[in-house]
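Descriptive structure summary
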Amino acid sequence: MFTRYRIMPGLLLCLFVLWASQTFAMGVRSDEPVFEEAEADYDISWRDDVKITAHDGVVLAANVFVPKTSDSSERFPVIVMPSSWLCEEHEYYAQGAKFCQKGYIVLEYSPRGWGISTGLVNVGGPDDMEDIKTIISYVIANYPVDGVVKNSAGKVVDDSKAKVGMCGISYGGGFSLLGAAFDQRVKASMCMVPWGDLGSALYLNQTTKAVWHWLVLMEAGDLIGNLDPVVRELTEMLFSHDHESYYNYVINWAMDRSPIAYLDELNYTDDGKPRDIAICINSNLQDEMFPPNATLNFFYGLKTKKKRMDINRGIHASAEGAGILGMENIVWRKAHAWMDEHLKGIKTGIMDLKPMSICDKNDGKRYNVDHVYVKDLNMNYLDGLYDTADNVNTITPARYYLGARPQGKLYGKMAAAPLAGSETNTISTGALSGISTGIPVLSSILEAHTNFLHVITPFALTNRKQSIVFASETFTADRLLMGTPHVKLNVTPSTSSFQLIAHLYTMDCLGNGTLISHAPLTVLGNGKFMPNARAGEKFTVEFNFITTCATVKKGQKLALAIDTEDLNYGKAPDTDYDLTFSYDKNSVLSIPFAN
């Protein structure tokens, strides 16, 4: 039996997110590309009562757009659009209608456990993948899909050349990657803010996400969807940091749902030949749910030449939000060009662009590039899943060696060579350091969709007992930071578990820092994802910041600030500790500046 008790809260939440993203969005910049597209000259028919029975009896709610045609022999490509987390099968109505007007069959559906689909939320697991196969078979059997051979009775004889695409946001974006891996009938995928490695996405640098994971994924998901109890169980396990008890269980669950685990299926056909598939990924710079880091190594592991990745300004799904309402939007403009190019064979111009692009976090200017720098610092659970040689970094990062903050001074040093000496600095835990990533969600969305409401920290007002700031020399020319900074630190903790939050800033002549990236790090006594620490012993650790792009302007400095708490993140098991930093050649901040 179908009920609609889960629709209204999800619909209201989605409308709020769309309103917020459109309110603060700056529109499509005039320097963004314009593509040749298919003509929108079809009238549409829409059916809103589609129910598809899955392999285990779960019923999936869907709706279908079909172009009207007087030619009974005309065939159309099909696009399958899974809805996002917290949303349901009408999420893409405006874009579905637009695609249909251009000659596409479009099927939107609610994955199991969402909207009025029955069953439990499977988070991209085996049941969800079987559902995608069932849905593709359903639409191929019941509608005039291009590339499908049917006999005189209308039964499918050969659907291996069916022109099938997938497109979705967030949960739907992850499904559009995973679905392409599990069903080789998919020829093109447009994946908006998906995840590449679910373990890294949910547990970045061994750190839990108090807002995006606990509140948005679990609590809101439990309110609006029919969540599998295992999702809460796994969340509680992660937040407990008890790796000895659950590591293998959590990793196996996450990798079953991680596209990076299925690169072979995306790269090769069942008989071992190179697969002809087109995959386009959109990530957002301020996305703390699925940061670009969790997708870059996956992207580099794709062998197809038909691939691209765009990294936009925005929090999770905000860069895409206005387009859901049918408004002009660069992400959806590229989605249409991608499908027209690879399902209709139209030379749109999108393949003439360089394979990657990234926006300046502060002013939105887009840079089209061949590669975005990231150092491979992944943990052993990813060993063998991708070829590290595919990540061909063309940038040699600038190295800033860290030095001690002198007594009574505001800043520690950054230098071009290691700074010898026995001086150390100690900070203590506390929530009043004066260093912050801002108000959760709100600061990020304002930063992402305005050119002036950045996260600013006046370093003169920071608490030097609870934080430490290192500052470079003044820059004598503009430098474009592009990619994934990383830092190596010598830390002596007073306890075996601790957390630190590293923040990267540009700093003006008044000592005000503008946040350009950050990274949480949680170290445990028995951790499996990061090296372990022991109380009272020096510990060296290296970790990545969140991928970013920003200009350090002439007259500014670069600043690294470290404290121990942030509202966005859960805490380490120990909550009262001191961290002592010491300095040598292993204390270094690496910054990828564009050549």
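Shown above is the structure to which this text applies.
So, here's what we can say about the structure. (Residues numbered from 1 in each chain as written. Predicted model: local features only at pLDDT ≥ 70, side-chain atom pairs only at ≥ 80, totals over all residues. Heavy atoms only, no water.)

The helix and strand inventory of the chain stands at 13 helices and 26 strands. In summary, the chain has a C-alpha radius of gyration of 24 Å against a globular reference of 25 Å for 595 residues, a match within 12%. With the C-alpha coordinates of the chain rotated into their principal frame, the extents come out at 85 × 50 × 45 Å. Within the chain, the fraction of its 595 residues that count as buried is 59%. Counting contacts in the chain only where the partners sit at least 6 residues apart, residues at least 24 apart contribute 77% of the total. (Helix = DSSP H or I, 4+ residues; strand = E, 2+ residues; numbered from the N terminus. Rg over C-alpha atoms; globule rule 2.2 N^0.38 Å. Buried < 20%, exposed > 50% of the residue type's maximum accessible area, 1.4 Å probe, protein only. Contact = heavy atoms within 4.5 Å.)

Within this structure, the stated rule accounts for five cavities of 30 Å³ or more. Its volume calculated, the second largest cavity comes out at about 280 Å³. Put simply, the parts of the chain that give the lining of the second largest cavity at least two residues each are helix 5 (198-202), helix 6 (210-224), helix 7 (229-240) and helix 8 (243-256). Split into classes, the residues belonging to the lining of the second largest cavity amount to 17 nonpolar, four polar and no charged. (1 Å grid on protein atoms, 1.4 Å probe; cavity = no way out; pocket = protein on both sides within 12 Å on 5 of 7 lines; lining within 4 Å. Points joined across faces, edges and corners; volume = space filled by probe spheres on them. Nonpolar A, V, L, I, M, F, W, Y, C, P; charged D, E, K, R; others polar.)

Applying the stated rule across the entire model yields 23 aromatic pairs. When the centroid spacing of 4.8 Å and the interplanar angle of 65° are considered together, the rings of Trp85 and Trp114 count as edge-to-face. A residue pair is termed long-range when its members are at least 10 positions apart, and Trp85 in the loop between strand 3 (78-82) and helix 2 (93-101) and Trp114 in the loop between strand 4 (105-109) and helix 3 (126-142) qualify at 29 residues. For the residue pair Trp85 and Trp114, the accessibility class agrees, reading buried in each case. Relative to Tyr583, the ring of Phe470 has its centre 5.9 Å away and its plane inclined at 75°; by these criteria the two rings are edge-to-face. Of this pair, Phe470 sits in strand 17 (residues 468-471) while Tyr583 sits in the loop between strand 25 (578-582) and strand 26 (588-591), and the two are 113 residues apart along the sequence. Pair check on accessibility: Phe470 and Tyr583 agree, each one buried. Here the aromatic residues Trp85, Trp114, Tyr171 and Phe175 are joined through ring pairs into a cluster of three or more. The ring centre of Tyr104 lies 5.0 Å from the NZ or CZ of Lys344, which sits over that ring. (Phe/Tyr/Trp six-rings, centres within 6.5 Å; stacked < 30°, edge-to-face > 60°. Lys NZ or Arg CZ within 6 Å of the ring centre and 35° of its normal.)

So, about the pattern of salt bridges. Tallied over the entire structure, the rule returns 22 salt bridges. The salt bridge involving Arg366 is made with Glu32; its shortest N-O contact spans 2.9 Å. In this pair, Arg366 is assigned in strand 12 (residues 366-369) and Glu32 in the loop between helix 1 (7-24) and strand 1 (44-53), connecting sequence segments 334 residues apart. This pair shows no difference in class: Arg366 is buried, exactly as Glu32 is. The partner of Arg112 in a salt bridge is Asp56, and the shortest N-O contact between them spans 2.9 Å. One end of the pair, Arg112, is in the loop between strand 4 and helix 3; the other, Asp56, is in the loop between strand 1 and strand 2 (59-67), and 56 residues separate them in sequence. When its relative accessible area of 3% is taken as the criterion, Arg112 is described as buried. Connected through shared salt-bridge partners, Asp56, Arg112, Asp127 and Asp131 make up one network. (Salt bridge = Lys/Arg side-chain N within 4 Å of Asp/Glu carboxyl O.)

What follows concerns the nonpolar core. Membership of the largest hydrophobic core comes to 136 residues, with the highest contact counts inside it found for Phe543, Leu560, Ile562 and Leu589. Other than its neighbours up to four places away in sequence, Leu560 contacts Leu402, Met414, Ile468, Val469, Phe470, Val487, Ala502, His503, Phe545 and Leu589. In terms of nonpolar packing, the next biggest core, distinct from the first, is built from 30 residues, Phe35, Ile169, Ala278 and Ala317 among them. (Core = buried A, V, L, I, M, F, W, Y, C linked by side-chain atoms within 4.5 Å.)

Attention now goes to the sheet that holds strand 2. Pairing is mixed across the open sheet formed by 10 strands, whose spatial order is 1-2-4-3-7-8-9-10-11-12. Of all the strands in the sheet, just strand 1 and strand 12 have a single pairing partner and so form its edges. Direction aside, the axes of adjacent strands within the sheet are offset by 15° on average. Looking at chain direction, strand 1 and strand 2 are connected through eight bridges and run antiparallel. Bridge pairing in strand 2 places Arg47 opposite Val64. Packing against the sheet, helix 10 (residues 293-301) makes contact with strand 9 (278-284), strand 10 (307-312) and strand 11 (356-359), and its axis sits at approximately 160° to strand 10. On top of the sheet, helix 12 (residues 330-343) reaches strand 3, strand 7 (164-169), strand 8 (186-192), strand 9, strand 10, strand 11 and strand 12; it is set at about 175° to strand 8, its chief contact. (Pairing = 2+ DSSP bridges. Axes fitted to C-alpha atoms, helices over the stretch in contact; angles between N-to-C directions.)

Right, let's talk about the packing of helix 3 against helix 4 (residues 171-182) for a bit. For the pair helix 3 and helix 4, the least separation of the axes is 10 Å and the interaxial angle reads 75°. The angle between helix 3 and helix 4 places the two elements in the roughly perpendicular class. Residues Asp128, Met129, Ile132 and Lys133 of helix 3 pack against Tyr171, Phe175, Leu178, Gly179 and Phe182 of helix 4. For the contact of helix 3 with helix 4, the class distribution of residues is six nonpolar, one polar and two charged. (Parallel < 35°, antiparallel > 145°, perpendicular 65-115°, else oblique.)

With respect to the secondary-structure elements, Gly196 resides in the loop between strand 8 and helix 5. Separated by 99 residues in sequence, Gly196 and Thr295 place their C-alpha atoms 4.3 Å apart. Among residues more than four places away in sequence, those in contact with Gly196 are Ser258, Pro259, Ile260, Ala294, Thr295 and Phe298.

Moving on: the pairing of strand 10. In terms of residue burial, strand 10 counts as a mostly covered element, since six of its six residues are buried. Once the chain exits strand 9 it traverses helix 10 before rejoining the sheet at strand 10, and the crossover so formed is right-handed. (Right-handed = clockwise from strand over helix to strand, strands pointing away.)

This brings us to the side chain of Glu108. You can see Glu108 is positioned in strand 4. There is a polar contact of 2.6 Å between the side chain of Glu108 and the backbone nitrogen of Tyr92. Residue contacts for Glu108: discarding those within four places in its chain leaves Ala61, Ala62, Asn63, Phe65, Met81, Glu89, His90, Glu91, Tyr92 and Tyr93. (Polar contact = N/O pair within 3.5 Å; in protein donor to acceptor, adjacent residues only side chain to side chain.)

The backbone phi angle of Gln206 is positive, close to 65°, even though this residue is not glycine. The backbone of Ala317 sits at a positive phi, close to 70°, despite the residue not being glycine. For Ala317, a relative accessible area of 15% puts it in the buried group.

Counted by the stated rule, this structure contains zero disulfides. Take Cys100: it sits in no disulfide, and the sulfur closest to it among the cysteines is that of Cys167, at 15 Å. Cys191 provides the cysteine sulfur closest to Cys280, a residue in no disulfide bond, and the two sulfurs are 7.8 Å apart. For Cys280, a relative accessible area of 0% puts it in the buried group. (Disulfide = S-S within 2.5 Å.)

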